[in-house]
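Here is what each chain is made of, one letter per residue.
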Amino acid sequence: VYDKNVFKSALTDMFFELTNIISITVISNATRSGELAAGADGLAWPTWLAIIYFCFDCVRDLWAEIFTLIGYSQRGWMSGCVDKGRLLFWAYVSIEYVLVGLAIACITEGSEDLVYALRPLAAFVGGVKWVRLLYICRAFERFHLGSRILPILCALSEAGDFVVLFCFFALSGAHVAFS
């Protein structure tokens, strides 16, 4: 990275993604151990902290997206704003908010059924966080990390049709496994 502002921004993004991965891991462990099903009285302070931090990060993502859209509209770039990547990001942020809602519902109601709905979403969000962390690492020239990641990302974007086809088989297997 040659620009100091880009470097600071990438480091900040990496920090938020890593701490978010930790919070998702704590939430996943709380669902697996049955801590969330016990309700608000049974939660340990690390779980409370993880849920509050995850809520904070969801709000931060939403505000960043709103200000990005405002900037695009002020410059007249809205036609280039909505693409596949942005639509996928909006879907991902929506899933994050569903995860937050389910976690809050688990805490207030203490329901086992809500915990079973929470676990696959937490796993999905955690997996996406790791991919986002890899995407942030493309900005670093140290150890030629960026130059190694960029061709892989281009190859993955060209394999989009295969990924869509594979998703149907993966979702079919997940449906059978969770039924």
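Residues numbered from 1 in each chain as written. Predicted model: local features only at pLDDT ≥ 70, side-chain atom pairs only at ≥ 80, totals over all residues. Heavy atoms only, no water.

Caption draft 1: Spotlight on the overall build of the chain. The number of helices and strands found in the chain is seven helices and zero strands. Taken from the N to the C terminus, the helices and strands of the chain come in the order α-α-α-α-α-α-α. Principal axes of the C-alpha set define a box for the chain whose edges measure 50 × 40 × 35 Å. Looking at the chain as a whole, 30% of its 179 residues qualify as buried. In the chain, once contacts between residues fewer than 6 apart in sequence are set aside, the share between residues at least 24 apart is 67%. Put simply, the chain shows about 11,600 Å² of open surface, and 70% of that area lies on carbon and sulfur atoms. (Helix = DSSP H or I, 4+ residues; strand = E, 2+ residues; numbered from the N terminus. Buried < 20%, exposed > 50% of the residue type's maximum accessible area, 1.4 Å probe, protein only. Contact = heavy atoms within 4.5 Å. Areas by Shrake-Rupley, 256 points an atom, 1.4 Å probe, with all protein chains shown as cover.)

Caption draft 2: Just the side chain of Thr47, in detail. Structurally, the position occupied by Thr47 is in helix 2 (residues 45–75). Beyond its immediate sequence surroundings of up to four residues, Thr47 is in contact with Val26, Ala30, Glu35 and Leu36.

Caption draft 3: Spatial organisation of the confidence of the model for the chain. The predicted model of the chain has a mean per-residue pLDDT of 83, with 94% of residues at 70 or higher. Of all secondary-structure elements in the chain, the lowest mean pLDDT belongs to helix 6 (residues 145–158), at 73, while helix 2 reaches the highest, 90. (pLDDT = per-residue confidence, 0-100.)

Caption draft 4: Region of the structure containing a nonpolar patch on the surface. A cluster of nonpolar side chains, Val59, Leu62, Trp63, Ile66, Phe67, Ile70 and Tyr97, forms an exposed patch at the surface whose accessible area comes to about 620 Å². No other element matches the six residues that helix 2 contributes to the nonpolar patch. Here Trp63 lies in helix 2. (Patch = residues over 30% accessible without salt bridge, like charges linked within 9 Å, V, L, I, M, F, W, Y side chains within 5 Å. Salt bridge = Lys/Arg side-chain N within 4 Å of Asp/Glu carboxyl O.)

Caption draft 5: Structural context of the pattern of salt bridges. Inspection of the entire model under this criterion finds eight salt bridges. Between Glu17 and Arg132 there is a salt bridge whose closest N-O contact spans 3.3 Å. Placement of Glu17 in helix 1 (residues 4–33) and of Arg132 in helix 5 (residues 112–136) is noted, with a sequence separation of 115 residues between them. Glu96 is paired through a salt bridge with Lys129; the nearest N and O atoms lie 3.0 Å apart. Here the residue Glu96 occupies a position in helix 4 (residues 84–109), and Lys129 occupies one in helix 5, the gap between them amounting to 33 residues.

Caption draft 6: Representation of the nonpolar core within the structure. Ranked by size, the top nonpolar core spans 24 residues in total, and within it Ile27, Leu36, Phe54, Leu99, Cys106, Leu118 and Val125 carry the most contacts. Counting only elements with at least two residues in this core, the list comes to helix 1, helix 2, helix 4 and helix 5. If you tally residues by element for this core, the top one is helix 4, at nine residues. Among residues more than four places away in sequence, those in contact with Cys106 are Leu36, Gly39, Ser111, Leu114, Val115 and Leu118. Core analysis: the next-biggest nonpolar cluster, separate from the first, contains eight residues, Ala10, Ile21, Ile136 and Phe140 among them. (Core = buried A, V, L, I, M, F, W, Y, C linked by side-chain atoms within 4.5 Å.)

Caption draft 7: Quick peek at the packing of aromatic side chains. Within the structure shown, the criterion is met by seven aromatic pairs. For the ring pair Phe162 and Phe166, a centre distance of 6.4 Å and an interplane angle of 20° mean the geometry is stacked. Residue Phe162 and its partner Phe166 are located together in helix 7 (residues 160–178), separated by four residues, close to a single helical turn. Taking the relative accessible area as the measure of exposure, Phe162 reaches 57% and is therefore exposed. Residue class for Phe166 comes out partly exposed when judged on its relative accessible area of 47%. Among the aromatic residues, those joined into a ring-pair cluster are Phe15, Phe16, Tyr53 and Phe56. The ring of Phe16 carries Arg60 above its face, with NZ or CZ at 3.9 Å from the centroid. Over the ring of Trp77 we find Arg75, and its NZ or CZ is 5.8 Å from the ring centre. (Phe/Tyr/Trp six-rings, centres within 6.5 Å; stacked < 30°, edge-to-face > 60°. Lys NZ or Arg CZ within 6 Å of the ring centre and 35° of its normal.)

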